[in-house]
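A closer look at the structure
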Amino acid sequence: MYQVKRISRSEFVPIRNLSYHVRLWGEPTPGVAPLVLVHGWMDVAASYQFVVDAFSEAFAQGRCIIAPDWRGFGLTRWQSPDGQNGTAAPDNYWFPDYLADLDFLLDHYAPDQAVDLVGHSLGGNVVMHYAGVRPERIRRLINLEGFGVPATQPSQTPARYAKWMDELKRLHRGEMALKAYPEAGGVARRLMKTNPRLGQDKADWLAQHWAAPNAQGQWEILGDAAHKIPNAQLNRVDEVLALYAAITAPTLAIEASDDSLSGWWGGKFTLAEFHERLKAVPHLTTGVIHDAGHMLHHDQPEQLARLIENFVA
């Protein structure tokens, strides 16, 4: 199994009726911006361990690295107002809530200091939007394959709301439950099937953080099935561009050498369209991770670590 080089510690922070699980490496140092790493859809904060291990000693020394599990993922749990776990989770998730959660987290960990903010995939979209809303809170911004989604037209609204309601019914009928596995090895094999570049050692380690055994001994993915329900609202590209234009931090957009975007959307949304949107970002640099797919922080953590170090230095 993969051998961790830098040991993290866990904290649970009460935020918006959630007990937010946050993984931390290092300690705060005056004058050194915290590095905040936010994960993507159906992922967890521990996913950044390989990148944290790949940071140079000079970079990691004296720097606090903060990685939360988003709501509905990992060890973050719903909590009643009296502080007891067990409050009913929602049956769907709204994108603006990630921005608010991040805002509360930064209030807790860096109330008087701008941070270096990194987001992957869903997290990449979150950090790009957040940096447009709270530009003063970001010193450096890095987007890892956070492409957003295809443009939509108002005429799609009736069908979108109908689909959202139909999917809610499917969820409540139990038709969207995530698959459980008899042992952690099954989770590791799933991770390797999804990402053929992922080695057995990393897959075995990730499986222990990506899933957990339930009362029956089955390994369940640490992700709420309600995340599978599509957003009820349409994507408005003009609003996205307005947020991008409001970003003041130097921004690095990193892509993998494999074009996963075209495969996901079947031509409905392309890298060329995403690059056109990025023109709205005022202070933009781009980078590529070679021999990597969408999970580039798993595939090439050393390449990614060097890009992050050089950009935030």
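Below, the structure is looked at part by part. Since the model is a prediction, treat every value here as computed from it, not as a measurement. (Residues numbered from 1 in each chain as written. Predicted model: local features only at pLDDT ≥ 70, side-chain atom pairs only at ≥ 80, totals over all residues. Heavy atoms only, no water.)

Scanning the protein from N- to C-terminus turns up twelve helices and twelve strands. Whereas a compact globule of 313 residues would reach a radius of gyration of roughly 20 Å, the protein reaches 19 Å, a difference of no more than 12%. Within the protein, residue pairs in contact and separated by at least 24 positions form 76% of the contacts whose partners lie at least 6 positions apart. Split by element, the accessible area of the protein, about 14200 Å² in all, is 54% carbon and sulfur. (Helix = DSSP H or I, 4+ residues; strand = E, 2+ residues; numbered from the N terminus. Rg over C-alpha atoms; globule rule 2.2 N^0.38 Å. Contact = heavy atoms within 4.5 Å. Areas by Shrake-Rupley, 256 points an atom, 1.4 Å probe, with all protein chains shown as cover.)

The tally for this structure, following the rule as stated, stands at 19 salt bridges. It is possible to trace a salt-bridge network through shared partners that takes in Arg16, Arg71, Asp97 and Asp101. (Salt bridge = Lys/Arg side-chain N within 4 Å of Asp/Glu carboxyl O.)

The side chains of a regular strand alternate, first on one face of the sheet and then on the other. Along strand β7 (residues 138-144), five of the seven residues are buried, which leaves the element largely enclosed by surrounding structure. Where strand β6 (residues 115-120) and β7 come together, six bridges link them in parallel fashion. Within β7, the residue paired with Asp116 across the bridge is Arg140. Each parallel crossover has a hand, and for β6 linked through helix α4 (residues 122-133) to β7 it is right-handed. Pairing of β7 with strand β11 (residues 251-256), which is carried by four bridges, proceeds in the parallel orientation. (Buried < 20%, exposed > 50% of the residue type's maximum accessible area, 1.4 Å probe, protein only. Pairing = 2+ DSSP bridges. Right-handed = clockwise from strand over helix to strand, strands pointing away.)

Applying the stated criterion across every chain yields a total of one cavity of 30 Å³ or more. Counted as a void, the largest cavity has a volume near 40 Å³. Here the lining of the largest cavity gets four residues from one element, more than from any other, and that element is helix α3 (residues 95-109). A class-by-class count of the residues in the lining of the largest cavity yields seven nonpolar, no polar and no charged. (1 Å grid on protein atoms, 1.4 Å probe; cavity = no way out; pocket = protein on both sides within 12 Å on 5 of 7 lines; lining within 4 Å. Points joined across faces, edges and corners; volume = space filled by probe spheres on them. Nonpolar A, V, L, I, M, F, W, Y, C, P; charged D, E, K, R; others polar.)

Look at α3: 22 Å from first C-alpha to last across 15 residues, which is about the 21 Å you get at 1.5 Å a residue. For α3, every residue scored as buried is listed here: Phe95, Asp97, Tyr98, Leu99, Asp101, Leu102, Asp103, Leu105, Leu106 and Tyr109. Against β1 (9-15), β2 (18-25), β3 (35-38), β4 (65-68), β6 and α4 lie the buried residues of α3. (Expected span 1.5 Å × (residues − 1).)

A few words on the packing of aromatic side chains. Inspection of every chain in the model, using the stated rule, returns nine aromatic pairs. Both rings, one in Tyr2 and one in Phe50, keep their centres 4.8 Å apart while their planes meet at 80°; by these two values the pair is edge-to-face. Separated by 48 residues along the polypeptide, Tyr2 in the segment before β1 and Phe50 in helix α1 (residues 49-54) bring together distant segments of the chain. Under the relative-accessibility criterion, Tyr2 is labelled buried at 13%. Phe50 sits in the buried class, given a relative accessible area of 2%. Here the aromatic rings of Phe147 and Phe274 are separated by 5.1 Å at their centres, their planes lie at 85°, and the arrangement is edge-to-face. Of this pair, Phe147 sits in the loop between β7 and α5 (157-172) while Phe274 sits in helix α10 (residues 271-278), placing them 127 residues apart in sequence. We note that Phe147, like Phe274, is buried. Cluster of aromatic residues (ring-pair linked, three or more members): Tyr2, Phe50 and Trp205. Across from the ring centre of Phe59, 4.2 Å away, lies the NZ or CZ of Arg63, which sits over that ring. (Phe/Tyr/Trp six-rings, centres within 6.5 Å; stacked < 30°, edge-to-face > 60°. Lys NZ or Arg CZ within 6 Å of the ring centre and 35° of its normal.)

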